[in-house]
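The chain contents come next:
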Amino acid sequence: MIVVMRPYATKQEIQNVEKRLTELGFQTHPIYGERKTVIGAVGEKSLADPSSLSHMPGVEAIVPILKPYKLVGKELKKDPTVVDVGGGVQIGGKELVIIAGPCAVEGEEQIYSVAQAIKKSGAKILRGGAFKPRTSPYSFQGLEEEGLKLLCRVKQDLGMPVITEVVDTRDVELVSRYSDILQIGARNMQNFRLLSECGKTKKPVLLKRGLSSTIEEWLMAAEYVMSEGDTRVILCERGIRTFESATRNTMDINAVPVVKELSHLPIIADPSHGTGNWKYVNAVARAFIAAGADGLIIEVHPDPQHAASDGPQSLKPEVFDELMNVLKPIAQAVGRAI
Ligand code: PEP
Ligand code: MN
């Protein structure tokens, strides 16, 4: 439920209501507005009788939250969330954010050359996997901590925030030390322990949509992260499994307007994993920006043919540069900027 406080309710009144909610067994998530404060209260309904709250000083109204995703949905927070990832980069504002880099960090030369190229083209965040969730246990699994260290060095040298995937609860602390954003991959979207552990760090979390997940399941996964008090969640549509086999996955462009209607969280798109083929990446990227996505995550590799993972869907730096140029007028046409 939402406890709506009267305009200009005092700090003491707000604190008293929060205290009472905690006593009743609710978790509280206050949103302080300039005039008005609302307090999101989530928890087991059976534990509490909230009717007494409506008589507390400063309380204007008690409104139930009908959707199962309480913190992620728009009932509690209507304004779009702008996620500050540090280094002057914000996702969800007027400016679109393009994240780019290789599927996996493979070595110093590779990551530096991609990072320099994508930065020059206008990307704001560098991606690179250090722990890779591969379909086969015999495929390259990532450089692990060495990869994280390389990402961190590039970040310091080029002044660019970095994102990398965390695949296991045991690595959350380690990855958090090096990465600005924790990426939760499609295969782990419903790994609830991992979602909670990432949420506890309070770091920005990029939550990819599961391969066969509905939008509601995806929003419920984001709710796990937010229920730990982490407000900086970014959703990422990366294609879902359908009967279609011409592409690796099927990009669900519907997810953009649907998520925008249901949630205040920013949503970006990953046409690299969504299509699985570099030839289709640019067209799909353009479509997602036109549809209102807040950014993109694109795989770029200096030598895709010899990439350790996801070469077929990786753009060469020069193709990425072309994409950045064609995105500009599209962004402008939908009231955004790059
Ligand atoms: C990735 O970003 O390299 C990746 C493995 O993505 P996904 O979880 O969407 O498959
Ligand atoms: Mn990949």
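Student: Any chance you could explain the packing of helix 6 (residues 215-226) against helix 7 (residues 255-262) here in plain terms?
Tutor: Packed helix pairs are characterised by how far apart their axes lie and by the angle those axes make with each other. Remark: helix 6 packs on helix 7, axes separated minimally by 11 Å, with the N-to-C direction vectors making an angle of 50 degrees. Accordingly, the angle class assigned to the pair helix 6 and helix 7 is oblique. For the pair helix 6 and helix 7, the crossing hand works out as right-handed. Touching I215, W218 and L219 of helix 6 are A255, V258, V259 and L262, all from helix 7. Class assignment of the residues belonging to the contact of helix 6 with helix 7 gives a composition of seven nonpolar, no polar and no charged.

Student: What is the right way to look at the site of ligand 1 in this model?
Tutor: In the region of ligand 1, the neighbouring residues are C103, R127, K132, E165, Q183, G185, A186, R187, K208, R238, H273 and E299. One of the side-chain N or O atoms of R127 is found 2.8 Å from an oxygen atom in ligand 1. Within the side chain of R187, one N or O atom sits 2.8 Å away from an oxygen atom of ligand 1. Coverage of ligand 1 by the protein amounts to 97% of the 300 Å² it exposes when considered alone. Along the lines of polarity and charge, the residues of the shell around ligand 1 split into two nonpolar, three polar and seven charged.

Cut-offs and rules
Residues numbered from 1 in each chain as written. Chains lettered and ligands numbered in written order. Predicted model: local features only at pLDDT ≥ 70, side-chain atom pairs only at ≥ 80, totals over all residues. Heavy atoms only, no water. Axes fitted to C-alpha atoms, helices over the stretch in contact; angles between N-to-C directions. Helix = DSSP H or I, 4+ residues; strand = E, 2+ residues; numbered from the N terminus. Parallel < 35°, antiparallel > 145°, perpendicular 65-115°, else oblique. Left-handed = near helix turned anticlockwise from the far one by under 90°. Contact = heavy atoms within 4.5 Å. Nonpolar A, V, L, I, M, F, W, Y, C, P; charged D, E, K, R; others polar. Near = heavy atom within 4 Å. Polar contact = N/O pair within 3.5 Å; in protein donor to acceptor, adjacent residues only side chain to side chain. Areas by Shrake-Rupley, 256 points an atom, 1.4 Å probe, with all protein chains shown as cover.

On their own, these measurements won't tell you what the molecule is for.
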